[in-house]
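# Survey of secondary and tertiary structure
Residue strings, one per chain:
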Amino acid sequence: MGIRIALAGNPNCGKTTMFNDLTGANQYVGNWPGVTVEKKEGKYTRDKDVTITDLPGVYSLSPYSPEEIVTRDYLLDGRPDVVINLVDATNLERNLYLTTQILDLGLPVVIALNMMDLVKKNGDKIDVAKLSKTLGCPVVETSALKGTGMQDLLDTAIKAGKAGKPAASELRYDDSVEAALSEISSIIEGRVPAETLRWYATKLFEGEERTITGLKLSSSDIEAIGAVRDRVEEAEDDDAESIITSERYDSIVGLVSSAVKVSRKGMNTTQ
Ligand code: BGO
């Protein structure tokens, strides 16, 4: 059985450069069914049993654009063996926002810390071991432009895909939000695959229509979940979707401030 790898990341994180390097001429380009979003698939040049799917570049897995829907449906329902999440290491805070959502999906994940050539040039230091421990998945330094770290990345991804162990992030939200997610999880437990429980609980907390409809919940369950949401919204004086967005950013800011040391040159961007 071959291994299916999905490449996911923000626009401009280097996905096209990496996909071309990994697949060379062995590419198929078409459209995702029903939408005019480009679908690219290819075989890994070093191992033809490995198929790599390049997902559209997105900032989030919300269902607001065709690109976001394609990416999220492929990850949630297509269940690739492993996700390589490309992260622009010069813009960690912004890029890890998508990462926190990918980690909720209960898939094996390997993070490619791309653009490391620029980070090194700037003199910044990233504590890769700390990132890996906190995010609960392997983190590999790469430069898709220079072609460094690519083989290590693929070896790590193939191993993770074969092992099949979901990422186990240590990032947690405020106690009140975690309590709400636990309550919602217990309502839907057994009705979604166990490893996707955090994803579904979060989406239901947010009150996302697409998820509520997709799960065909009973009206009493919808009401019980609504009560949990109302309670936290009232306590926080904010809507549930914004609460989750803030919680994601807060957890990332904490991690980045402890794992990244910016050089006194102060150059932490590509500009
Ligand atoms: C231009 N290191 C560096 N330094 N640059 C990288 C790396 C890396 O590891 N990986 C990618 N890039 P895409 P998406 C460009 O095109 O693969 C660069 O959207 C330019 N072009 O070369 O397209 C890559 O598919 C003129 O840069 O990303 C590309 O994810 C001046 O990041 C850009 C400067 O890569 C985006 C850069 C005409």
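Please refer to the structure placed before this passage.
Criteria and cut-off values
- Residues numbered from 1 in each chain as written.
- Predicted model: local features only at pLDDT ≥ 70, side-chain atom pairs only at ≥ 80, totals over all residues.
- Heavy atoms only, no water.
- Near = heavy atom within 4 Å.
- Polar contact = N/O pair within 3.5 Å; in protein donor to acceptor, adjacent residues only side chain to side chain.
- Helix = DSSP H or I, 4+ residues; strand = E, 2+ residues; numbered from the N terminus.
- Nonpolar A, V, L, I, M, F, W, Y, C, P; charged D, E, K, R; others polar.
- Buried < 20%, exposed > 50% of the residue type's maximum accessible area, 1.4 Å probe, protein only.
- Contact = heavy atoms within 4.5 Å.
- Core = buried A, V, L, I, M, F, W, Y, C linked by side-chain atoms within 4.5 Å.
- Domains from an automatic or database assignment.
- Phe/Tyr/Trp six-rings, centres within 6.5 Å; stacked < 30°, edge-to-face > 60°.
- Lys NZ or Arg CZ within 6 Å of the ring centre and 35° of its normal.
- Pairing = 2+ DSSP bridges.
- Right-handed = clockwise from strand over helix to strand, strands pointing away.

## Comments concerning the site of the ligand
- As a matter of local geometry, the ligand sits amid 15 residues, with N12, K15, T16, T17 and D117 nearest to it.
- At 2.8 Å from an oxygen atom of the ligand is found a main-chain nitrogen or oxygen belonging to K15.
- At 3.0 Å, a backbone N or O of A144 approaches an oxygen atom of the ligand.
- Mapped onto the shell around the ligand, the elements with two or more residues apiece are helix 1 (15–23) and helix 4 (116–122).
- In terms of residue count, helix 1 provides more of the shell around the ligand than any other element does, three residues in total.
- Tallied by class, the residues present in the shell around the ligand amount to six nonpolar, seven polar and two charged.

## What to know about the side chain of N85
- Mapped onto the elements, N85 comes out in strand 5 (residues 82–88).
- A residue is classified by how much of its surface remains accessible, and N85, at 1% relative accessible area, is buried.
- A distance of 2.6 Å separates polar atoms of two side chains, one belonging to N85 and the other to T99.
- Not counting the four nearest positions on each side in its chain, N85 is found in contact with A8, G9, L98, T99, I102, V109, V110, I111 and A112.

## Describing the nonpolar core
- Ranked by internal contacts, the top residues of the largest apolar core, which has 62 residues, are L75, L92, L113, I126, L131, L135 and F205.
- Lining this core are residues from two domains, each supplying at least three of them: domain 1 (3–163) and domain 2 (175–237).
- Among the nonpolar cores identified, the runner-up in size contains 23 residues, and I3, Y44, I52 and A157 belong to it.

## Observations regarding the packing of aromatic side chains
- Overall, the coordinates contain two aromatic pairs when judged by the stated rule.
- Relative to Y249, the ring of Y97 has its centre 4.6 Å away and its plane inclined at 10°; by these criteria the two rings are stacked. Note that Y97 is positioned in helix 3 (residues 92–103) and Y249 in helix 11 (residues 240–259), a separation of 152 residues in sequence.
- Lying over the aromatic face of Y173, R198 brings its terminal NZ or CZ to 4.9 Å of the ring centre.
- Sitting over the ring of W199, K203 keeps its end group 4.9 Å from the ring centre.

## Considering the pairing of strand 4 (residues 47–54)
- Bridge count between strand 1 (residues 3–9) and strand 4: five bridges; the pairing is parallel. Residue I3 lies in a different strand from strand 4, and its bridge partner there is V50.
- Where strand 3 (residues 38–44) meets strand 4, five bridges bridge the pair, whose relative direction is antiparallel. Looking at the pairing, Y44 lines up with D47 of strand 4.
- Between strand 3 and strand 4, which pair antiparallel and follow one another directly, the connecting turn spans two residues.

## Here's the deal with the pairing of strand 6 (residues 109–114)
- With respect to burial, strand 6 is a largely interior element, six of its six residues being buried.
- On strand 6, burial covers both faces: V109, I111 and L113 on one face and V110, A112 and N114 on the other are all buried.
- Pairing analysis gives six bridges linking strand 5 to strand 6, with the strands arranged parallel. Counterpart to L86 in the pairing with strand 6 is A112.
- Taken together, strand 5, helix 3 and strand 6 constitute a β-α-β crossover, and its handedness is right-handed.
- The pairing of strand 6 with strand 8 (residues 139–141) spans three bridges and is parallel. Note that in strand 8 the partner of A112 across the bridge is V140.

## With respect to the environment of T45
- With respect to the helices and strands, T45 occurs in the loop between strand 3 and strand 4.
- Given a relative accessible area of 38%, T45 falls into the partly exposed group.
- Here the alpha-carbon distance between T45 and I84, two residues 39 residues apart in the chain, equals 17 Å.
- In contact with T45, not counting residues within four places along its chain, are D21, L22, T23, G24 and N26.

## Here we look at unusual backbone geometry
- Of note in the backbone geometry, N12 takes a positive phi value of approximately 70° without being a glycine.
- The topology assignment puts N12 in the loop between strand 1 and helix 1.
- Residue N12 is classed as exposed on the basis of its relative accessible area of 72%.

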